[in-house]
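Spelled out, the chains give:
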Amino acid sequence: MAGRVVKVAGPLVIAEDVPGVKMYDVVRVGEQRLIGEVIELRGRRASVQVYEETSGLGPGETVVSTGSPLSVELGPGLMSSIYDGIQRPLDAISREAGEYVTRGIEVPGLDRSRRWEFVPAVDRGQKVAAGDVLGTVQETPLVVLRVPVPPGVREATVAEIRSGSFTVEETVAVLESDGKTQEVSMLQRWPVRRPRPVGRKLAPEVPLTTGQRVIDTFFPIAKGGTACIPGPFGSGKTVVQHQLSKWADADIIVFIGCGERGNEMTDVLLEFPELKDPKSGRPLMERTVLVANTSNMPVAAREASIYTGITIAEYYRDMGYDVALMADSTSRWAEALREISGRLEEMPGEEGYPAYLGSRAAEFYERSGRVVCLGSARQQGSLSIVGAVSPPGGDLSEPVTQATLRIVKVFWGLDDRLAQRKHFPAINWLLSYSLYTSRLDPAYAEQYGADFPGNRARAMATLQEEAELEEIVRLVGVDALSDRQRLTLETAKSIREDFLYQSAFHEVDTYCSMDKQARLLRLILGFHDQALAALEAGAPLEALLELPVRERIARARYTPEDELARLDTLAQEIATQVGQTRARA
Amino acid sequence: MLKEYRTISEVSGPLVMVEQVDQVKFDELVEVELAAGEIRRGRVLEASEGRALVQLFEGTTGIDIQGARVRFLGKVIELGVSGEMLGRVFDGFGRPIDGGPKIIPETRLDINGNPLNPTARAYPSEFIQTGISGIDCMNPLVRGQKLPIFSGAGLPHPQIAAQVARQAKVRGTHDPFAVIFAAMGITFEEADYFISDFTRTGAVERSVLFINLADDPVIERLATPRMALTTAEYLAFEKGMHVLVILTDMTNYCEAMREVSAARKEVPGRRGYPGYMYTDLALVYERAGRIRGKPGSITQMPILTMPEDDKTHPIPDLTGYITEGQVILSRELHNRGIYPPINVSQSLSRLKDKGIGPQKTREDHADVLNQLSAAYDRGKEARELAVVLGEAALTPVDREFLRFADQFEQRFVRQGEDEDRSIETTLDIGWQLMAALPRTELKRVSDKHMQKYLPAAGA
């Protein structure tokens, strides 16, 4: 029995009399069995958003419900994959259909024929519950997949556990509870719109270091935290996201290209296998999952893509991994929401976005967090979310940016004037904020020197003072400033150019350890303090500014990570040169 | 024989509602035959049981509810393509208007195309030399890129686009090359400029032109870029050609989209443009690139005029989010008589890093680019300061930068409409300009390159 199509308008299809249909069920539409999802029920009618192009579809065609909500397949084989918005592997699509993504292609998310070496972690007769690890699979050289007891199992006894090589669908264990047996394979399905359960949430107290100075030192994000990067086009959003996926100290990266450029995804696909994970030296791709719904792919699948991505991310978090999810860009997701809402003829909120935009965004970001996972091992995992926002015209008052800012704790505001001045990452230091700073400072002070939080505060104050002094300079010229103020301007310039500026394309500068960050900042402020003392002792400002050691401070960021001791020599050199100038005065 | 309907119930703007229809498909091609025998074409926007909403490309003028007959053709809009299209001129709907013979199609293609699988794409990395310094050195274009020109009313974007079409080449190759030109709602004069320029230089032999002028049907414009890109995909990926597609003017295209949206009474997004404009533009712009294992490529150069030179207007804004950079024209430079008036600091090519360097352009390219742009920005800052405080208030170094900025505009950015500079010439001019600055200020060029390329002061 099947229902039938009564109306087709772009990605929205209205169907009538679909037997057994429930809200958010996946349905198959028409002869080509296009994939769709029920988003509204009204009397006999169901509104369906279709994840594929609908041209050629007409009234009278059949609609069949699959009876289950939109779900992803979880199990070995996710890592290193690139999926479309509804978890169809793009390389498999390309093998089946050629260079173009055509319609009605059915490819499972996980390869059914591939065999995985399953190593049991429990014994027969052992008691297990949801979240406990049944066994492990070496998914890639970087990732050990821990096959969990499926969520929902309260208490069971392992009646049988197998070892050896299996496909994802084959039974690896048999569980018994209340006299009923349940066969468990490595494959799990989970509805994308429902968060996976956790033991409990923890406070975000561990920093997620990213190797980017402006982020780690000034506006840090915690493991399990949320951040957003809004910025007009050309301000370097995508480069920042790529840098984070490369260098953040997370175990797993899930990158969602939501409505972005095709060539950009290709770039990631070509670059990530070449890039080496800084800890292990293995290709980054071995710990990355990509979800790519480029801007020219169907709009409804774009709406689904961020849920597909976050469900995969949660699956790995549940194994105790630190997972970082990048979504580029959530504005395209919101626009997809708006398009579907418009076709449903819902009452629009601001700028045509549906009134529920804010709550949907909140639901998404709330799936982040540092957690104690289910299972008796009480493992800790985290899921951090970094969402890019593309505000039209760079106007941050627009609804998507505002809805996001109400939820996220870190704001990296990109500034196209900085980008134009080729200052990268173009994160505006006066605009941005991080609400994690105070929580993370104890950890920072302990590891990178007690002076670290203080140094950051001083550097920020210097930059703030620079902004005020620049106003004066603009009005009455640089001559109106005292030598002390001019030194402050020079120090602020040094913070900007020698610390905040970071080249993503320089082999050393692209990643900067926390240790190095703390040292660099100490050098810059150290020079300032000593120069100020010398200035007050009568040394001429010009002589101090022309000291050759300043050139070396400027180049200090190119010091390789294994030669950081050279920075100590540089600190001594600063003391010597400033000291000599002072002595001459 | 196709069923005919005489059941039009409503005509409003470019839209027609047809009742009591049977078996209508979404996006299907429709013919409306007027009482006088004239045939108009349209497509189905909404297919419901018993009724269909049809958008007519050639407008609804002269349609009467009783007399017009509607036929649903059972297929989406297709274009018959062939290698014979080179050298020909078509209207905005793909019908020949040059008086030549009909095209005998080698195949018929859906003009909407299909999204290219990102795993099948090859990353664009071959430098295209356009012979224009402001593009080649500062915002290099590569094969398979989409690089729009953001212009304003009255700025010389046609000249620049024609110059690019004329001069663009990948050096050291003799691959077959074609230009596809799609005009949407531009004036006869502007279209004529392109056609006569193509004819003058012989480029017309390897061009395909789709012309929808300002007085041609407005809604037809929505099909024009799709016609052009379908042809481009055929020539690039079936015939192995390197295709440059010029789309002008995308602003008119978006206006047409807004018109249809308003007629459908859709909830408007920013400034009355429909909420799906981003998606729609992406479907156009994303049809560029390269495919792994195939020789051809599609490089797109869409042109749009920014209303009031405002880059935050939805059309340039959404375009900038999709395309791989933009070349922005400056009214200020234009008013000072500088051609091409490329605003070098605001323009951007996102794919430049993979397209420049040794073997592609020259080893010092990245250094020169960074140094020139940093120095020019500093010069422009000095210029602003000089406006407020007078030139005397500048430090001697700032004065040098101010002179540099002037020279940069006059000698580097400015060039003749027929001046085809090689990338070496361009870079050498850059070095000559840098020679006027104190060596200590040249922080972004390596010592090695400085020794090799920097001319002695005064040379």
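Bear in mind the structure is a predicted one, so any value in this text is a computation, not a measurement.

Some remarks on the overall build of chain A
From N to C terminus, chain A includes 16 helices and 28 strands. A compact globule built from 585 residues should have a C-alpha radius of gyration of about 25 Å, and chain A, at 27 Å, falls within 12% of that. Taken over the C-alpha atoms alone, chain A extends approximately 95 × 55 × 40 Å along its principal axes. Here chain A, with 585 residues, has 61% of them falling under the buried criterion. The long-range fraction of contacts in chain A, counting pairs at least 24 apart against all pairs at least 6 apart in sequence, stands at 70%. By element, 49% of the accessible surface of chain A is carried by carbon and sulfur atoms, the whole surface being about 21,900 Å². Once the 67 positive and 81 negative side-chain charges of chain A are each reduced to a mean point, those two points are 2 Å apart.

Here we look at the interface of chain A and chain B
Tallying the contact residues gives 68 residues for chain A and 64 residues for chain B. The largest per-residue losses of area from chain A upon contact with chain B belong to F233(A), R261(A) and N263(A), which jointly make up 15% of the total buried on that side. Where chain A packs against chain B, one counts eight salt bridges. Summed over the shared surface of chain A and chain B, the number is 25 residue pairs in polar contact (both at pLDDT 80 or more).

Quick word on the sheet that holds strand β10 (residues 127-128) of chain A
Sheets are built from strands that pair by backbone hydrogen bonding, the pairs being arranged parallel or antiparallel. Residue and element names in this part refer to chain A. If you trace the four strands from one edge of the open sheet to the other, you get β10-β13-β15-β16, paired in antiparallel fashion. At either margin of the open sheet sits one strand with a lone partner, and together these are β10 and β16 (180-185). Two elements, strand β15 (residues 171-177) and β16, share six bridges in a ladder whose sense is antiparallel. Following the sheet pairing, L175 is matched in β16 by Q182.

Considerations on the sheet that holds strand β14 (residues 164-166) of chain A
Residue and element names in this part refer to chain A. Taken in spatial order, the four strands line up as β12-β11-β9-β14 in an open sheet, and their pairing is antiparallel. Among the strands making up the open sheet, the edge pair consists of β12 (143-148) and β14. When the angles between neighbouring strand axes are averaged without regard to direction, this sheet yields 40 degrees. Sheet topology places strand β9 (residues 116-120) next to β14; three bridges connect them, and they run antiparallel. Bridge pairing links W116 to F166 in β14.

Points about helix α5 (residues 250-263) of chain B
All names here are of chain B. Along its 14 residues, α5 runs 20 Å from first to last C-alpha, staying within 8% of the 20 Å computed at 1.5 Å per residue. Counting buried positions along α5 yields ten of 14 residues, so the element is predominantly enclosed. Residues of α5 that are buried: M250, T251, N252, Y253, C254, A256, M257, V260, S261 and A263. One side-chain oxygen at the N-terminal end of α5 lies 2.8 Å from the backbone nitrogen of T251; it belongs to D249. Two residues or fewer past α5, K265 is found with a positive phi of approximately 60 degrees.

Notes on the packing of aromatic side chains
Each aromatic ring pair is described using two quantities: the centre-to-centre distance and the angle formed by the ring planes. Going through the model one piece at a time under the given rule, you end up with 22 aromatic pairs over all chains. Between F218(A) and F499(A), the aromatic rings sit 6.0 Å apart at their centres with planes inclined by 65 degrees, giving edge-to-face as the arrangement. Of this pair, F218(A) sits in helix α2 (residues 213-218) while F499(A) sits in helix α12 (residues 483-500); the two residues are 281 residues apart in sequence, bridging distant segments of the chain. Per residue, the accessibility class of F218(A) equals that of F499(A), and both read buried. Cluster of aromatic residues (ring-pair linked, three or more members): F181(B), Y193(B), F194(B) and F198(B). Directly above the aromatic system of Y321(A) lies the positively charged group of R146(A), at a separation of 4.6 Å from the ring centroid. The ring of Y278(B) is capped by R332(A), whose NZ or CZ atom sits 3.7 Å from the centre of that ring.

Some thoughts on the environment of A504(A)
In this structure, A504(A) sits in the loop between α12 and α13 (514-536). In this structure A504(A) touches V239(A), Q243(A) and T510(A), once residues within four positions along its chain are discounted.

Regarding a nonpolar patch on the surface
Residues and elements named next belong to chain A. On the surface, I472, L475 and V476 cluster together into a nonpolar patch covering about 290 Å² of accessible area. By the element assignment, V476 lies in helix α11 (residues 452-476). With relative accessibility at 53%, the residue V476 sits in the exposed group.

With respect to unusual backbone geometry
Omega for the peptide link from D328(A) to S329(A) comes to 5 degrees, which places this bond in the cis form. You can see S329(A) is positioned in the loop between β24 (322-328) and α6 (330-343). Along the chain, F424(A) connects to P425(A) via a cis peptide bond; the corresponding omega equals -10 degrees. By the secondary structure assignment, P425(A) is in the loop between α9 (416-420) and β28 (433-434). The backbone of K265(B) shows a phi angle near 60 degrees, a positive value even though the residue is not glycine. With respect to the helices and strands, the residue K265(B) is situated in the loop between α5 and α6 (277-285). We note that D309(B) has phi near 55 degrees; this positive angle belongs to a residue other than glycine. By the secondary structure assignment, D309(B) is in the loop between β19 (297-305) and α7 (314-322).

About the criteria used
- Residues numbered from 1 in each chain as written.
- Chains lettered and ligands numbered in written order.
- Predicted model: local features only at pLDDT ≥ 70, side-chain atom pairs only at ≥ 80, totals over all residues.
- Heavy atoms only, no water.
- Helix = DSSP H or I, 4+ residues; strand = E, 2+ residues; numbered from the N terminus.
- Rg over C-alpha atoms; globule rule 2.2 N^0.38 Å.
- Buried < 20%, exposed > 50% of the residue type's maximum accessible area, 1.4 Å probe, protein only.
- Contact = heavy atoms within 4.5 Å.
- Areas by Shrake-Rupley, 256 points an atom, 1.4 Å probe, with all protein chains shown as cover.
- Lys, Arg positive; Asp, Glu negative; His and termini not counted.
- Charge placed at Lys NZ, Arg CZ, Asp CG, Glu CD.
- Buried area = accessible area lost by both parts, 1.4 Å probe.
- Salt bridge = Lys/Arg side-chain N within 4 Å of Asp/Glu carboxyl O.
- Polar contact = N/O pair within 3.5 Å; in protein donor to acceptor, adjacent residues only side chain to side chain.
- Pairing = 2+ DSSP bridges.
- Axes fitted to C-alpha atoms, helices over the stretch in contact; angles between N-to-C directions.
- Expected span 1.5 Å × (residues − 1).
- Phe/Tyr/Trp six-rings, centres within 6.5 Å; stacked < 30°, edge-to-face > 60°.
- Lys NZ or Arg CZ within 6 Å of the ring centre and 35° of its normal.
- Patch = residues over 30% accessible without salt bridge, like charges linked within 9 Å, V, L, I, M, F, W, Y side chains within 5 Å.

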